[in-house]
Amino acid sequence: MEFAELIKTPRADNAVLHGPRCPAVRGTLCLTGHHLIFSSRRKEGGEELWLLHANIDCVEKRFVGSLGTIVIKCKDLRIIQLDIPGMEECLNIASSIEALSTLDSITLMYPFFYRPMFEVVEDGWRSYLPEQEFELLSSVTDEWRLSCANKDFSVCPTYPPVVIIPKCIDDEALRKVAVFRYGGRFPVLSYYHKKNGMVMMRSSQPLTGTNGRRCKEDEKLINATLRPGKRGYIIDTRSLNVAQQARAKGGGFEQEVYYPQWRRIHKCIERFNILQESLIKLVEACNDQSHNMDRWLSKLEASNWLTHIKEILTAACLAAQCIDREGASVLVHGSDGTDSTLQVTSLAQIILDPRCRTIRGFEALVVREWLQAGHPFQLRCAQSAYSNTKQKWEAPVFLLFLDCVWQILRQFPCSFEFNEQFLIMLFEHAYASQFGTFLGNNENERSKLKLTQKTMSLWSWVNRSEELARFKNPLFEANSLVIWPSVAPQSLQLWEGVFLRWNRPSKFLDEAQEEVLNIINYNRELQAKVNALRRQLAELETDDRMQENLTLPVMNGVSSQAGNGLTQTSLKQLPSRSWQWEGEERRKK
Amino acid sequence: MEHIRMPKVENVRLLDRVSSRKAALGTLYLTATHVIFVENASETRKETWVLHSQISSIEKQATTATGCPLLIRCKNFQVIQLIIPQERDCHDVYISLIRLARPVKYEELYCFSFNPKLDKEEREQGWKFVDLNEEYNRMGIPNDYWQISDVNRDYGVCDSYPTEVYVPKSATAHIIVGSSKFRSRRRFPALSYYCKDNNASICRSSQPLSGFSARCLEDEQMLQAIRKANPGSDFLYVVDTRPKLNAMANRAAGKGYENEDNYSNIKFQFIGIENIHVMRNSLQKMLEVCELKSPSMSDFLWGLENSGWLKHIKAIMDAGIFIAKAVAEEGVSVLVHCSDGWDRTAQVCSVASLLLDPYYRTMKGFMVLIEKDWISFGHKFNHRYGNLDGDPKEISPVIDQFIECVWQLMEQFPCAFEFNERFLIHIQHHIYSCQFGNFLCNSQKERRELKIQERTYSLWAHLWKNRADYLNPLYRSNHSQTQRTLYPQMTPCNFLYKFWSGMYNRFEKGLHPRQSVTDYLMAVKEETQQLEEELEVLGERLANLQKMQLNGNKIQSKQQDRGKQLGLSASTNSLANTPQEYGSDLKSFPSRSPSQGDEDSALILTQDNLKSSDPDLSANSDQESGVEDLSCRSPSGGGCLPSEDSGKDSDEAVCLAV
């Protein structure tokens, strides 16, 4: 198919663009196969808008006389309005946008046509391979192995070709377990807690059905993760009621008789259309410019968005608590094991594992726990808050996850290497992107689409120093501890950076961010200067000493080291006590 | 002391508000000024201090098998739940506290016994720190249009006004006195803020006694004089900050509002801010929401909405924005009043001043603003904040609302204010603490009669001394947000107004962000300053050394202590972390080893920082968060300095009681 067939009017002059919170601009509108381009003729400012058709959630048109107006609502929640003179042109353009933004075939999507304008330093497709993850793991434990049983996706179509499972389980047993689990999603390793050797696994629901079927291999696999005499927790992300109902459809949950070493906890996390409805209501409330104070809060409440955030975070905290505090291993599943399960396992890792709070660690987490774990991005992110289609499979599962990460980031603003912009960027690319990373629903589909050869990975672009600079949190100080967020309603807030992004004035907040950066950068600059001078001095003094054969008088332990070009890292290992002491000293003066 | 029936009770349990099964065992002391709870746990000996004047209510609940519960709610939003083993002891404590929390004479208040060990001169200097004449001079007054009037020198015209009042030059004593007779409680129109760029001003008064038809020539002349003091404008806004219905109802009582027909060239405007009773109830409802045990998101949002609190905050802000715009954009003077002109009028005038003039967004300027619009103009601190036992219907969180408006503005304009959130919280705390004399009584007249300045200390000097704790690291005097007028969004940006958990859940540390960006940045800035100094020293040394090496001389090395950098490391591994309660009762799981169980229950989630009556939030590290509280290493070392109502002073108090 040629895109040209869909574009009857490729260009409209004298169009007027009304963007969010900026004055209307007159200019020229162009349609290409993948972009809607608007450029104003003004030299300065050079207003130019490049909008991916894939980013368009819905198109509305209306006419006043011969002046047509197209309202474009985007998946990133932005709303823009285009006034186009001429009824025919306007109709043509509207129908082209509609057609181009709802292409059926994935291979017609922009990532298959995109040619990067930057030099690829590191191929993002190869940045986070399961083998590398396993290497990290095998340096601390030898109880696990890589299994290639799924190399042709025959055991589980939504799992990656290689997975990590207990060493004592052979591939034959694995196939039996897969038959016993919904969609073949047998329990696999999700996270290994180095501190105490406890693990988190994830799977789908067991197919116990109404007559309480069991599978010895499944029991063996799960028990293989327990230390002798220890017990574990199964966190079921459905309410007990829902889990019981699932039995009628062949699903179910682990029964105590067959899993005596495990205790089951039900934590209800909503799914599918309930989440989609919630998003739609929330965005409606945020865009409503007419309401008074009362109605804003009640609409926020009625959307239930923050309730979902609270539920997901609570379940993740519980999983983390079991592992870190109770010293127990955990198995997480819901029904399919592709949505709420992944929210819980990935958030628990952010709480537990400092590595997941770094940029590369977080990317690895997204790859491992979302992409390779088979979260169906293509289905879930097909439409966003303005969609009219309301398909059952559309749901902002990944956006909820990012929102939860933002909530933790807000509570621990110095513990993350990345900033809010990084999370917003991931939200945008999950819904519409020039990169192939979020295409397809699982590794199986991705390999059939040959994404690694035909498209560029998002990580190839993000991980270049030019881009990374935008996503770095200037306040970051590596924090090796477990971070326990508060899930009280007072502690959870609306993620304004996403939901009010186009409605709230951000100038003053941006200025504050800039100020933060200035303060930190100036400090670093001075530190570098001081260190350079110190080194220079130390060298001179050493020369001096060798000449004179004299030792320097030492003020105290710290300063004697500091004078010799002590690095910042070693300073940080000193107990904080001495700093307080120093503070008191200064006050006495 | 004669009111203390029971100076000490042992084996009292202090309940944790978030988790009821976690309680600390300790001893309760009643002193002349404080309630003190000292935990038994030997390694911490954590202390909770509560000033009697902070107590807003005491509730004795039904005795249970474990003891007799006592609930103490404080005006700084702390809630303390105690369980006292013996009913009789509980009753004695209850009766004692009822009396101690409701002093009948000013002399019983803490400020008359509080001694920060300053000499007389320092005390006097402290009181001179904020000088309103200086402030009016700063505004450019007196000038051709405005002058100081001594018409109220013996409080002869209006006993709730200050002796020195600024009025238009053309307003003679006759006009002022005449106008005062036509205004509630004789609170005639007087200058609150003057904008020297365009001569527009904000004046304030009480409502006119207009009834249905009365008029007063002098009052009309007074308004005329105010309008003419701004030659650039041909009219004057008169803003009645009450809802129209309330104002109309007042007419039946011979009060009311200005009739546009009687006053030449005025534009009359209602801006509906509710009265003190509505506000009191609204706060009450919001605090009930804050007190809910593990509320759902819906409980919380519904409760917040039903309280109407944020709607009221927005109403005050909108009124302030309206006035600021009138003055800055239109260049029109505004006369503001409500009923008596000491509550809503004070709120609105001070919000408008804050928006208009960057000076009020500095630390000193903010103190001046409170001194000007609240203290000097007779805001009834004693009645509103219940310092002495009085009519509970007079109590209302009027200045709390103003303080919250400032916080809301800080959220929207993060670089605009020289001070930080802690500054606001500490001011709120001290309005109720009665530790300093500034907020005593209902008027200047009463304060002078009590000789407050000779017998107590000033809060402003105290705050100024500790100003390093209160700085906003993002503030820069040459930043665009610190210039000129701030223009916040008015309708429909309701989502800009947020619940202030830092204030209303102030003592539930577990609810707040675990790392403070403010404290972190302050530490960085302090380090930067030291680096600058060091850079200079090193540069000199290097130059010297090079010179001396040429001369073959040896110089003594003087090292700079670089331990400071430690202040930036975010955490240490020795810290204990505790998860929140995430809903599922893991306790019932049989196989847990006892050692784990103990550890888990020993670490209490909202183990509040020690001495929770201490307004210094910065004390101690945050045990449960997984991150050490950075502020304990904040530049001025909030954690090292005992605050005045704990620290050394407190030791005396304990001795008294024991």
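Only a predicted model underlies this, so the values are computations on that prediction, with no experimental measurement involved.

> For this particular structure, what's the right way to read the nonpolar core?
Generally speaking, a soluble globular protein has its nonpolar side chains buried in company with each other. Ranked by size, the top nonpolar core spans 243 residues in total, and within it Phe 362 and Phe 499 of chain A together with Phe 366, Trp 460 and Tyr 504 of chain B carry the most contacts. Broken down by element, the residue count for this core peaks at 13 residues, all from helix H9 (residues 305-324) of chain A. Dropping the residues within four chain positions of it, Trp 460 of chain B is found in contact with Phe 129, Val 130, Met 367, Ile 370, Glu 371, Ile 375, Ile 427, Asn 438 and Phe 439 of chain B.

> Honestly, the UniProt feature "active site" (unreviewed entry) in chain B in this entry has me stumped. Any pointers?
Residue and element names in this part refer to chain B. Feature annotation in UniProt places "active site" (unreviewed entry) on Cys 338, given in this structure's numbering. Assignment of secondary structure puts Cys 338 in the loop between strand E14 (333-337) and helix H10 (344-356). Filtering out sequence-adjacent residues up to four positions away, Cys 338 remains in contact with Ser 205, Ser 206, Gln 207, Asp 240, Thr 241, Arg 242, Asp 343, Arg 344 and Thr 345.

> What is the right way to look at the sheet that holds strand E6 (residues 68-74) of chain B in this model?
The strands that make up a sheet are held in pairs by hydrogen bonds between backbone atoms, and each pair lies either parallel or antiparallel. All names here are of chain B. A sheet is described by the order of its strands in space; here seven strands give the open sequence E4-E3-E2-E1-E7-E6-E5, paired in antiparallel fashion. Looking at the sheet topology across the chains shown, the edges are occupied by strand E4 (47-51) and strand E5 (55-60). If you compare each strand with its neighbour and ignore which way they point, the axes differ by 30° on average. Examined bridge by bridge, strand E1 (residues 8-15) and strand E7 (residues 79-84) share three bridges and lie antiparallel to one another. Bridging across to E7, Arg 13 finds its partner in Ile 83.

> It is not clear to me how the UniProt feature "domain: Tyrosine specific protein phosphatases" (unreviewed entry) in chain B should be interpreted in this structure. Could you clarify?
UniProt's entry tags residues 307-351 of chain B with the feature "domain: Tyrosine specific protein phosphatases" (unreviewed entry), counted in the numbering of this structure. This span, residues 307-351 of chain B, is 69% helix and 11% strand, and a straight line between its end C-alpha atoms measures 22 Å.

> What is the right way to look at the pattern of salt bridges in this model?
Think of it this way: side chains of opposite charge can pair up when their charged atoms draw near. All names here are of chain B. Using the criterion set out here, one finds 57 salt bridges over all chains in the structure. With a shortest N-O distance of 3.4 Å, Asp 92 and Arg 5 are connected by a salt bridge. Linking Asp 92 in helix H1 (residues 87-100) with Arg 5 in the segment before E1, this pair joins segments that are 87 residues apart in sequence. The exposure class assigned to Asp 92 is buried, which follows from its relative accessible area of 16%. Its salt-bridge partner being Arg 215, residue Glu 220 comes within 3.0 Å of it at the nearest N-O pair. Relative accessible area serves as the criterion here: at 11%, Glu 220 is assigned to the buried category.

> Mind showing me how you'd approach helix H7 (residues 276-291) of chain B here?
Given 3.6 residues per turn, any residue in an α-helix points the same way as the ones three and four places further on. Residue and element names in this part refer to chain B. The first and last C-alpha atoms of H7 sit 22 Å apart over 16 residues, in line with the 22 Å expected at 1.5 Å per residue. Three or more residues of H7 are buried, namely Ile 276, Met 279, Arg 280, Ser 282, Leu 283, Met 286, Leu 287, Val 289 and Cys 290. The inward-facing, buried residues of H7 abut helix H8 (297-307), helix H9 (309-330), helix H12 (381-385), helix H13 (398-412) and helix H18 (501-504).

> Just checking my understanding: could you explain the side chain of Ser 307 of chain B for this structure?
Residues and elements named next belong to chain B. Within the element layout of this structure, Ser 307 appears in helix H8. Relative accessible area serves as the criterion here: at 5%, Ser 307 is assigned to the buried category. One polar contact links the side chain of Ser 307 to the main-chain carbonyl oxygen of Leu 304, over a distance of 2.7 Å.

> Is there a simple way to think about the side chain of Arg 227 of chain B in this case?
Residues and elements named next belong to chain B. Examined against the element boundaries, Arg 227 turns out to sit in helix H5 (residues 217-228). Buried within the structure, Arg 227 lacks any salt-bridge partner; Asp 234 is the closest side chain of opposite charge, at an N-O distance of 6.6 Å. Sequence-distant contacts of Arg 227, that is, excluding residues within four places in its chain, are made with Ser 233, Asp 234, Phe 235, Leu 236, Ser 264 and Asn 265.

> What is the right way to look at the packing of H9 of chain A against H8 of chain B in this model?
In a pair of packed helices, the angle between the axes and the distance between the axes together describe the arrangement. It is at 9 Å that the axes of H9 of chain A and H8 of chain B come closest, and there the two elements cross at 145°. H8 of chain B is crossed by H9 of chain A, and the crossing has right-handed handedness. Between H9 of chain A, through Leu 306, Thr 307 and Lys 310 of chain A, and H8 of chain B, the contact on the second element is made entirely by Met 297, Ser 298 and Leu 301 of chain B. Grouping the constituent residues of the contact of H9 of chain A with H8 of chain B by class yields three nonpolar, two polar and one charged.

> Just checking my understanding: could you explain unusual backbone geometry for this structure?
A negative phi holds for most residues other than glycine; trans holds for most peptide bonds. Here Ile 141 of chain B and Pro 142 of chain B are connected by a cis peptide whose omega angle stands at 5°. Note that Pro 142 of chain B resides in the loop between helix H3 (132-139) and strand E8 (146-149). At Asn 304 of chain A, a position not held by glycine, the phi torsion is positive, near 65°. Mapped onto the fold, Asn 304 of chain A is located in the loop between helix H8 (293-303) and H9.

So, how was this worked out
Residues numbered from 1 in each chain as written. Chains lettered and ligands numbered in written order. Predicted model: local features only at pLDDT ≥ 70, side-chain atom pairs only at ≥ 80, totals over all residues. Heavy atoms only, no water. Core = buried A, V, L, I, M, F, W, Y, C linked by side-chain atoms within 4.5 Å. Buried < 20%, exposed > 50% of the residue type's maximum accessible area, 1.4 Å probe, protein only. Helix = DSSP H or I, 4+ residues; strand = E, 2+ residues; numbered from the N terminus. Contact = heavy atoms within 4.5 Å. UniProt positions renumbered as here; feature names shortened; annotations may be inferred. Pairing = 2+ DSSP bridges. Axes fitted to C-alpha atoms, helices over the stretch in contact; angles between N-to-C directions. Salt bridge = Lys/Arg side-chain N within 4 Å of Asp/Glu carboxyl O. Expected span 1.5 Å × (residues − 1). Polar contact = N/O pair within 3.5 Å; in protein donor to acceptor, adjacent residues only side chain to side chain. Lys, Arg positive; Asp, Glu negative; His and termini not counted. Left-handed = near helix turned anticlockwise from the far one by under 90°. Nonpolar A, V, L, I, M, F, W, Y, C, P; charged D, E, K, R; others polar.

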